[in-house]
Amino acid sequence: MLLGYPEHSLASQESEYQVDWVIEGPGVENGRWVAPRDSIFRAKLVPSQLFEAVEDVTSTDGKPLIPAKMQLVRMASSKPMICTLVAGADDTLSFKNRVCLLDSNADGSFESYFLKGLGRADFTTDRMWFAMNSRIPKNQSRTGVVDVREIDKSLLSTKPEILLNYDEVRDSTRKILLSARVEGFGPFISSCDAHFEKNSDTKLSTKCGFPGATVIPVDRNGESIKFRILPNETATRLRFSASFGIVDRKITGFYFF
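Each chain has its residues counted from 1, following the order in which its sequence is written. pLDDT decides what is reported in this predicted model: residues at 70 or higher carry local features, side-chain atom pairs at 80 or more are listed and counted, and totals for whole chains, interfaces and linings draw on all residues regardless. Just so you know, side-chain values use all the structure's heavy atoms and leave hydrogens and water out.

Asker: Any chance you could explain the overall build of the protein chain here in plain terms?
Answerer: Starting at the N terminus, helices and strands are each numbered in turn, a helix being any DSSP run of H or I of at least four residues and a strand any DSSP run of E of at least two. Looking only at helices and strands, one finds zero helices and 22 strands in the protein chain. Working definition: with a 1.4 Å probe on protein chains only, accessible area under 20% of the residue-type maximum means buried, over 50% means exposed, and in between means partly exposed. A burial count over the protein chain gives 47% of its 257 residues as buried. The protein chains shown are the only cover counted for residues, whose accessible areas, like all others here, come from Shrake-Rupley with a 1.4 Å probe. Accessible surface computed for the protein chain: about 12,800 Å², of which carbon and sulfur atoms make up 46%.

Asker: What am I meant to see in the nonpolar core here?
Answerer: Looking at soluble globular proteins, one finds that nonpolar side chains tend to be buried together. Throughout this description, the term nonpolar core refers to a set of buried Ala, Val, Leu, Ile, Met, Phe, Trp, Tyr and Cys residues connected via side-chain atoms within 4.5 Å. Counting 48 residues, the largest nonpolar core has Ile40 and Phe240 as the members making the most contacts within it. Setting aside residues no more than four positions away along its own chain, Phe240 makes contact with Gln18, Trp21, Phe130, Ala131, Asn133, Val182, Phe185, Ile251, Gly253, Phe254 and Tyr255. Should any heavy atoms of two residues lie within 4.5 Å, those residues are counted as being in contact.

Asker: Just to check I follow, could you spell out the pattern of salt bridges for this structure?
Answerer: For this analysis, a salt bridge means a side-chain nitrogen from Lys or Arg found within 4 Å of a carboxyl oxygen belonging to Asp or Glu. The full count for this structure, using the stated rule, is nine salt bridges. Note that Glu16 is salt-bridged to Arg135, the shortest N-O span being 3.9 Å. Residue Glu16 is found in strand β1 (residues 16-19), and its partner Arg135 is found in strand β12 (residues 134-135); the two are separated by 119 residues along the sequence. Residue Glu16 is classed as buried on the basis of its relative accessible area, which comes to 13%. Exposure remark for Arg135: the relative accessible area of 43% places this residue in the partly exposed category. Residue Lys44 pairs with Glu161 through a salt bridge whose shortest N-O separation is 3.9 Å. With Lys44 in strand β4 (residues 38-47) and Glu161 in strand β15 (residues 161-170), this pair connects stretches of sequence that are 117 residues apart. Where salt bridges share partners, they join Asp20, Arg74, Arg237 and Arg239 into one cluster.

Asker: Please explain the environment of Cys208 as it appears in this structure.
Answerer: Take Cys208: it is sitting in strand β18 (residues 208-210). For Cys208, a relative accessible area of 1% corresponds to the buried category. Put simply, Cys208 and Cys192 are 16 residues apart on the chain and 5.6 Å apart in space, counted from C-alpha to C-alpha. Setting aside residues no more than four positions away along its own chain, Cys208 makes contact with Leu178, Cys192, Ala213, Thr214, Val215 and Pro217.

Asker: Looking at this structure, I do not really get the confidence of the model for the protein chain. What am I missing?
Answerer: Low-confidence regions, as indicated by low pLDDT, have predicted coordinates that should not be scrutinised in detail. Every residue gets a pLDDT, meaning the predictor's confidence in that residue, from 0 to 100. This prediction gives the protein chain a mean pLDDT of 81; 81% of its residues lie at or above 70. Contacts of residues 1-12 to residues separated by more than four positions or lying in other chains number 38 contacts, the stretch itself having pLDDT below 50. pLDDT under 50 marks residues 197-203. Its contacts with residues more than four places away, or in other chains, come to eleven contacts.

Asker: Honestly, unusual backbone geometry in this entry has me stumped. Any pointers?
Answerer: In terms of backbone geometry, most residues other than glycine have negative phi values and most peptide bonds are trans. One non-glycine residue, Arg37, lies in the positive phi region at around 70°. Tracing the sequence through the fold places Arg37 in the loop between β3 (29-34) and β4. The exposed category is assigned to Arg37, whose relative accessible area is 58%.

Asker: Explanation requested: the packing of aromatic side chains in the structure shown.
Answerer: The description of two aromatic rings rests on the distance between their centres and on the angle between their planes. Note on aromatic contacts: the rings of Phe and Tyr and the six-membered ring of Trp form a pair at centre separations within 6.5 Å, being stacked when their planes are under 30 degrees apart, edge-to-face when over 60 apart, and tilted otherwise. Counting across every chain of the model gives five aromatic pairs. With a centroid separation of 6.0 Å and an interplanar angle of 65°, the aromatic rings of Phe240 and Phe254 are classed as edge-to-face. Here Phe254 lies in strand β22 (residues 249-256) and Phe240 lies in strand β21 (residues 236-244), a separation of 14 residues in the sequence. Take Phe240 and Phe254: they sit in the same class, and that class is buried. An aromatic cluster is built from Phe130, Phe240, Phe254 and Phe256, whose rings are joined through pairwise contacts.

Asker: Teacher, can you tell me more about the environment of Gly212 here?
Answerer: The topology assignment puts Gly212 in the loop between β18 and β19 (213-221). Taking relative accessible area as the criterion, Gly212 reaches 6% and is therefore assigned buried. Spatially, the C-alpha atoms of Gly212 and Leu164 are 10.0 Å apart, while their sequence positions differ by 48 residues. In contact with Gly212, other than residues within four places in its own chain, are Ile23, Gly25, Pro26, Pro231, Asn232 and Thr236.

Asker: I keep staring at the pairing of strand β11 (residues 112-117) and nothing clicks. Help me out?
Answerer: Two faces make up the sheet, and in a regular strand the side chains alternate between them. Summarising the sheet, strand β10 (residues 97-102) and β11 pair through six bridges and their orientation is antiparallel. Along β11, the bridge assignment pairs Leu101 with Tyr113. Note on pairing: DSSP must find at least two bridges between two strands before they are called paired. Across two bridges, the pairing between β11 and strand β13 (residues 141-142) is antiparallel. When the bridges of β13 are listed, Tyr113 appears paired with Ser141.

Asker: Please explain the side chain of Asp20 as it appears in this structure.
Answerer: The topology assignment puts Asp20 in the loop between β1 and β2 (21-24). The exposure class of Asp20 is buried, given its relative accessible area of 0%. Side-chain atoms alone can form a polar contact between residues adjacent in sequence; in general such a contact is a pair of N or O atoms within 3.5 Å, and within protein one must be able to donate a hydrogen while the other accepts it. Within polar-contact distance, the side chain of Asp20 engages the side chain of Ser48 at 2.6 Å.

Structure follows, in structure tokens:
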């Protein structure tokens, strides 16, 4: 029985799902000098909820699915669903698959499961293991009794990293160009007005809103900029967009809300 599971997030299509990631915002920094193409800050992604198997999870016909104490992450989907993210014990199906548990009738209990490729380079050609965008298969198998408990999401064993870079200042448009990447995937390009006076390096007054933090340029020396970093008060979610082919899917970008 899964207690306290909040209203699930809807994916863009009823059958689609992906990890419901939240950005762990950076700490406050009053000033950091950053040269072009260097990072302003790095932050980790954690699931909106993290669970742990209290006991071994098996199918109704006795297949070992998930070992006790293995972590499962909340998915953004049209139905309550949690999935393993990394390889489990070698005597379970979670060793070479991610195992997803589904509560099809939203009654608070997981009654079915399906398998998804592990999504890491050592088992597949899919290096976007952290995106996990896919579609719920029409046919699932039945689980035995599932007992999981929610744990602190910061305890996730493997956390993807989001990196915010300062790219350049374009004096002609007075814009600061920023870009973000997740585990090398990207970039997501952003810009903000740099309101510095012509022929002046030091008069900057703007706020660059960005996922996980507000970035404030406070000084300039040539192409380098001194940034102040303020973490956002509310959590920022990250989702990946994907296009689906006949046999595979391709991650096309990511977005924030």
